[in-house]
Amino acid sequence: MMQRPPFRPEEYSLKETRPHLGGHAAGDKLTSTYDLVEQMQYLYVRVVKAKELPNMDITGSCDPYVEVKLGNYKGATRFFEKNNHPEWNQVFAFSKERIQASAVEIVVKDKDLIKDDFIGRVSFDLNEVPKRVPPDSPLAPQWYRLEDRNGHKVKGELMLAVWMGTQADEAFPEAWHSDAASVFGDGLATIKSKVYLTPKLWYLRVNVIEAQDLIPNDKTRFPEVYVKAMLGNQVLRTRVSPARTLNPMWNEDLMFVAAEPFEEHLILSVEDRVAPGKDEVVGRTVISLQHVPRRLDHRLLTSQWYNLEKHVMIDGEQKKETKFSSRIHLRICLEGGYHVLDESTHYSSDLRPTAKPLWKPSIGILELGILTAQGLLPMKTKDGRGTTDAYCVAKYGQKWVRTRTIIDSFTPKWNEQYTWEVYDPCTVITIGVFDNCHLNGGDKANGARDIRIGKVRIRLSTLETDRVYTHSYPLIVLTPAGVKKMGEVQLAVRFTCSSLLNMMHLYSQPLLPKMHYVHPLSVMQVDNLRRQATNIVSTRLGRAEPPLRKEIVEYMLDVDSHMWSMRKSKANFFRIMGVLSPLISVAKWFDQICHWRNPLTTILIHVLFVILVLYPELILPTIFLYLFLIGVWYYRWRPRQPPHMDTRLSHAETAHPDELDEEFDTFPTSRQPDIVRMRYDRLRSVAGRIQTVVGDLATQGERLQSLLSWRDPRATALFVVFCFIAAIVLYVTPFRVVVFLAGLYVLRHPRFRHKMPSVPLNFFRRLPARTDSML
């Protein structure tokens, strides 16, 4: 078996960088609106239209297109058939650092089967091209007379604009870039940068109350009816009505996720369970969501009766039966007071309710500069060598952004900047890096999937306001072979707060909207609805142009985070131990004090204890003063960097190869029966230990209950008598004296201690639990 390379923690750490943002070093006073990225210079050529082009073919027509040439690079517009006055309005962008020519040449050609004919050209000396710095107005295009190869004027004019600018230019996102010269056809659409908005999601609540005057197909028996509701690919059923009548009642709530614009209709069908596995439709109704009322709170809306339609088969065709008086009683509404959960709860980027009137004002702005990546690994093979065509996706709230794809580079430079409004600081922005596998052939590329390179999560509440964070984040993925570093991505992040008071006030507010607490959804409901919401988001974003594909959306939304993993279980166990370790340390420290390991410390604790007993009003101030001093003391060691993926915390580098193979297995499993049997046995052993721990906890709780339940009559009698005597003693004796004596007893010297367990502990351990009643 191949040995795993030695684990080097420094490879997976965050590195601070000092890029020249906006032409300045990071941390300098920045004035440009595009100030979180390094400025990249581009030569822009906007080809608008042409007029009075000469006829070139024998047929007396012209099929013109424009070719823009700069050194080794050339880009071409689309061509028009038989058009002497074509209009293209296309922009070409050439990176200044790659320019190796002194002039740019714009050539008009006539498309031909054998060889394209030269019509005319316009050329510009690069030293004379004007510069444009936004927010200056865009350069107005001008008419230029075409020249032949010798510089003589010929028939036809071309409208152009040529200028030097940066990636802050409005023309940048839709421009054809010179580094995409090898990409043609459908692939061109997938390399451009794009901003996406996810559809507005609503919870649709369908309260199925009752039905009236049902007409079953078999009139000799009472029907066993239930209601099946369908919205797109979401299907829910009520229980079978307990009343076997023609007027059944259910009064059940069914919850769906609906997305604007509402494309699907809600289809409700009343079905009769004729036999096991055989159901017959008694009647159905179709409801358009456009007319469904929307509510912002928990006030009850009026219910409505809907007529049921019966479809019968006549000569193989489905026909609607007209004389049909059955109807169904429903209360339907779109819930605007909930936040539709479509991402993992731990990494939420948005917590606002669906209905816009319930939104609170924004508290700030989040700005993200996606700069560069370094050390990316080859993701695929092209012409016998490894290559990577990388792009970034960032998501926060309803806005997803995708940078342009940098072709064939292990050190891509994007330098693109994006902005989001922030409504809650306790949210997370996710940035993922992917390899584009759709450059040649687009969707026809044999079901190719874009490959995940890695992702970064940044929690806004961990960022100081108005500070620019420039760091290089390791891109870490877990593979069946173990944890792997795929490279690094360099980001610049700034969280600007518009009102510190509003932001501080938010910390006292509930995390989710009011409806989640007034009318909470069950855990099972939330999980099912989240899965439906994720499907809707990935479907809608997959229909955009260029599409944000399903594998990308699911990776960014952590769709598979709920799947069982031995590694995650171990990591979570050690996280719990990490949380409990301070308490365990305090317990050990107190035990050492009680056993007089360090007499001086024990005497000081005795003095503090006596002071607090004599002056009990000092107890709470002392506790809070102590916490204040700890907080001030820890300020020196506060984190200076945003959080990032921690391989050690995730137990990624110590995971056993078989555990990783199990984590990456499909659901249901695709492994051999003997491997599944081994894993099942291992899972049983782990689950057995968990079962024992849970059982022990339950036993302790049941023993507490049995103190007063008379399950053990003698034990309860002893405890009741003890409580009566204790009540009299505590009533007579001053409370300070009781606490003082109890404290001295707990802190007594080891000479007065026994190695045997104490009487109260012995009594507690003898109490009965309900384990006797278990099979």
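- If you look the chain up in an unreviewed UniProt entry, it shows as C2 domain-containing protein from Urochloa decumbens.
- Within the UniProt record for the chain, the comment given under Subcellular location (unreviewed entry) is "Membrane".
- Word for word, the UniProt comment on the chain under Sequence similarities (unreviewed entry) is "Belongs to the MCTP family."

1. A short note on the overall build of the chain
Then, number 1: Secondary structure summary: the chain contains 12 helices and 34 strands in total.
Then, number 2: On C-alpha atoms alone, the chain measures out to a radius of gyration of 36 Å, which is more than a quarter above the 28 Å that the 2.2 N^0.38 rule sets for 775 residues.
Then, number 3: Taking the principal axes of the C-alpha coordinates as reference, the chain spans close to 120 × 90 × 60 Å.
Then, number 4: Counting across all 775 residues of the chain, residues that qualify as buried make up 41%.
Then, number 5: Excluding contacts between residues fewer than 6 apart, the proportion of contacts in the chain whose partners are at least 24 apart in sequence is 70%.
Then, number 6: Put simply, the chain shows about 44300 Å² of open surface, and 58% of that area lies on carbon and sulfur atoms.
Then, number 7: Between the mean site of the 101 positive side-chain charges and the mean site of the 86 negative ones, the chain shows a separation of 7 Å.

2. Description of helix α3 (residues 523–542)
Counting along an α-helix, one turn takes 3.6 residues, and residues three or four places apart therefore face a common direction.
Then, number 1: Relative to the 28 Å expected for 20 residues at 1.5 Å per residue, α3 spans 28 Å between its end C-alpha atoms, a close match to the ideal helical length.
Then, number 2: For α3, the set of buried residues is Val-526, Leu-529, Arg-530, Gln-532, Ala-533, Thr-534, Ile-536, Val-537, Ser-538, Arg-540 and Leu-541.

3. Regarding the pattern of salt bridges
Then, number 1: One pass over the full model with this rule turns up 32 salt bridges.
Then, number 2: Measuring nitrogen to oxygen at the nearest pair gives 2.4 Å for the salt bridge that ties Glu-105 to Arg-121. Taken together, the residues Glu-105 in strand β8 (residues 103–110) and Arg-121 in strand β9 (residues 117–125) connect sequence positions 16 residues apart.
Then, number 3: Taking the shortest distance from any N to any O, the salt bridge between Glu-554 and Lys-550 comes out at 3.0 Å.

4. Let's talk about a nonpolar patch on the surface
Then, number 1: On the surface, Phe-573, Phe-574, Ile-576, Met-577, Val-579, Leu-580, Leu-583 and Ile-584 cluster together into a nonpolar patch covering about 760 Å² of accessible area.
Then, number 2: Structurally, Leu-583 is set in helix α5 (residues 566–594).
Then, number 3: Given a relative accessible area of 57%, Leu-583 falls into the exposed group.

5. A closer look at the environment of Pro-673
Then, number 1: Structurally, Pro-673 is set in helix α9 (residues 673–706).
Then, number 2: Residue Pro-673 is classed as exposed on the basis of its relative accessible area, which comes to 55%.
Then, number 3: C-alpha separation for the pair Pro-673 and Ile-106, spaced 567 residues apart in sequence, amounts to 66 Å.

6. A closer look at the UniProt feature "transmembrane region" (unreviewed entry) in the chain
Then, number 1: The UniProt entry lists residues 602–635 and 717–747 under the feature "transmembrane region" (unreviewed entry), expressed in the numbering used here.
Then, number 2: Along residues 602–635 the backbone is 85% helical and 0% strand, and the end-to-end C-alpha distance reaches 29 Å.

7. Digging into the pairing of strand β34 (residues 482–497)
A regular strand places its side chains on the two faces of the sheet in alternate fashion.
Then, number 1: With 13 of 16 residues buried, β34 lies mostly within the body of the structure.
Then, number 2: Both strand β25 (residues 364–374) and β34 contribute to a ladder of 10 bridges, which runs antiparallel. Residue pairing in the sheet places Glu-367 in a bridge with Arg-494 of β34.
Then, number 3: With 12 bridges joining them, strand β33 (residues 468–479) and β34 adopt antiparallel strand pairing.

8. Looking at the sheet that holds strand β29 (residues 399–402)
Then, number 1: In space, the 5 strands of this open sheet follow the order β13-β29-β28-β31-β32, with antiparallel pairing throughout. Every other strand in the sheet has two partners, leaving β13 (194–197) and β32 (451–459) as the edge strands with one partner each. Geometrically, the sheet is characterised by an average inter-axis angle of 15° between neighbouring strands, direction not taken into account.
Then, number 2: Where strand β31 (residues 428–435) meets β32, 8 bridges bridge the pair, whose relative direction is antiparallel. Looking across to β32, one finds that Ile-429 is bridged to Ile-458.

9. So, the packing of aromatic side chains
Both the distance between ring centres and the angle between the ring planes are used here to describe each pair of aromatic rings.
Then, number 1: Using the criterion set out here, one finds 16 aromatic pairs in the structure.
Then, number 2: Consider the rings of Tyr-396 and Trp-420, whose centres lie 6.5 Å apart with planes at 75°: the pair is edge-to-face. With a gap of 24 residues between them, Tyr-396 in strand β28 (residues 390–396) and Trp-420 in strand β30 (residues 413–422) connect regions that are remote in the sequence.
Then, number 3: These aromatic residues form a ring-pair network of at least three members: Tyr-42, Tyr-44, Trp-163 and Phe-172.
Then, number 4: Here the basic side chain of Arg-149 rests over the ring of Phe-118, its NZ or CZ set 4.1 Å away from the ring centre.

10. Remarks on the pairing of strand β17 (residues 249–259)
Then, number 1: Burial analysis of β17 places 8 of its 11 residues in the buried class, which makes it a mostly covered element.
Then, number 2: With 9 bridges connecting them, strand β14 (residues 201–212) and β17 associate as antiparallel partners. Counterpart to Asn-207 in the pairing with β17 is Asp-253.

11. Looking at α5
Then, number 1: In a regular helix each residue adds 1.5 Å, so 29 residues correspond to 42 Å; α5 covers 40 Å between its end C-alpha atoms and thus fits that length.
Then, number 2: Along α5, the helix axis deviates most sharply at Leu-580, where the bend reaches about 40°; the proline Pro-582 sits within four residues downstream.
Then, number 3: For α5, every residue scored as buried is listed here: Met-566, Arg-567, Ala-571, Ile-593 and Cys-594.
Then, number 4: Packing partners of the buried residues in α5 comprise β33, α6 (599–614), α8 (657–663), α9 and α11 (735–746).

12. Quick word on the environment of Glu-170
Then, number 1: Structurally, the position occupied by Glu-170 is in the loop between β11 (153–166) and β12 (176–177).
Then, number 2: For Glu-170, a relative accessible area of 45% gives the class partly exposed.
Then, number 3: When neighbours within four sequence positions are excluded, Glu-170 is seen to be in contact with Arg-132 and Pro-138.
Then, number 4: For Glu-170, the side chain forms a polar contact with the side chain of Arg-132, separated by 3.0 Å.

13. Points about the nonpolar core
Then, number 1: In terms of nonpolar packing, the biggest core is built from 65 residues, with Trp-400 and Leu-491 touching the most fellow members.
Then, number 2: Dropping the residues within four chain positions of it, Leu-491 is found in contact with Leu-368, Gly-369, Ile-370, Leu-371, Ile-431, Val-456, Ile-458, Tyr-469, Thr-470, His-471 and Tyr-473.
Then, number 3: Val-227, Leu-231, Ile-328 and Ile-332 belong to the second-largest nonpolar core, a separate cluster that totals 28 residues.

14. Comments concerning the sheet that holds strand β18 (residues 266–275)
Then, number 1: Spatially, 4 strands are ordered β16-β15-β18-β19 in an open sheet, and the strand pairing comes out antiparallel. In the strand order of this sheet, the two ends are held by β16 (234–237) and β19 (278–287), each with one partner. Looking at each pair of strands side by side, their axes are set apart by 25° on average, direction ignored.
Then, number 2: Across 9 bridges, β18 lies against β19 in antiparallel orientation. Bridging across to β19, Ile-267 finds its partner in Val-286.

15. Remarks on the state of the cysteines
Then, number 1: For the structure on display, the rule yields 0 disulfides.
Then, number 2: Summary of cysteine pairing: Cys-426 is not part of a disulfide, and the nearest cysteine sulfur, belonging to Cys-497, is at 12 Å.
Then, number 3: Owing to a relative accessible area of 24%, Cys-426 belongs among the partly exposed residues under this scheme.

16. Side note on the packing of α6 against α11
Then, number 1: Relative orientation of the contacting elements α6 and α11 amounts to 165°, with a least axis distance of 9 Å. Accordingly, the angle class assigned to the pair α6 and α11 is roughly antiparallel. Crossing of α6 against α11: the hand is right-handed. Along its contact with α6, which presents His-606, Phe-609, Val-610, Val-613 and Leu-614, the element α11 presents Arg-736, Val-739, Phe-740, Gly-743 and Leu-744.
Then, number 2: For the contact of α6 with α11, the class distribution of residues is 7 nonpolar, 2 polar and 1 charged.

Calculation criteria
Residues numbered from 1 in each chain as written. Predicted model: local features only at pLDDT ≥ 70, side-chain atom pairs only at ≥ 80, totals over all residues. Heavy atoms only, no water. UniProt positions renumbered as here; feature names shortened; annotations may be inferred. Helix = DSSP H or I, 4+ residues; strand = E, 2+ residues; numbered from the N terminus. Rg over C-alpha atoms; globule rule 2.2 N^0.38 Å. Buried < 20%, exposed > 50% of the residue type's maximum accessible area, 1.4 Å probe, protein only. Contact = heavy atoms within 4.5 Å. Areas by Shrake-Rupley, 256 points an atom, 1.4 Å probe, with all protein chains shown as cover. Lys, Arg positive; Asp, Glu negative; His and termini not counted. Charge placed at Lys NZ, Arg CZ, Asp CG, Glu CD. Expected span 1.5 Å × (residues − 1). Salt bridge = Lys/Arg side-chain N within 4 Å of Asp/Glu carboxyl O. Patch = residues over 30% accessible without salt bridge, like charges linked within 9 Å, V, L, I, M, F, W, Y side chains within 5 Å. Pairing = 2+ DSSP bridges. Axes fitted to C-alpha atoms, helices over the stretch in contact; angles between N-to-C directions. Phe/Tyr/Trp six-rings, centres within 6.5 Å; stacked < 30°, edge-to-face > 60°. Lys NZ or Arg CZ within 6 Å of the ring centre and 35° of its normal. Bend = angle between axes of the 7 residues up to and from the residue. Polar contact = N/O pair within 3.5 Å; in protein donor to acceptor, adjacent residues only side chain to side chain. Core = buried A, V, L, I, M, F, W, Y, C linked by side-chain atoms within 4.5 Å. Disulfide = S-S within 2.5 Å. Parallel < 35°, antiparallel > 145°, perpendicular 65-115°, else oblique. Left-handed = near helix turned anticlockwise from the far one by under 90°. Nonpolar A, V, L, I, M, F, W, Y, C, P; charged D, E, K, R; others polar.

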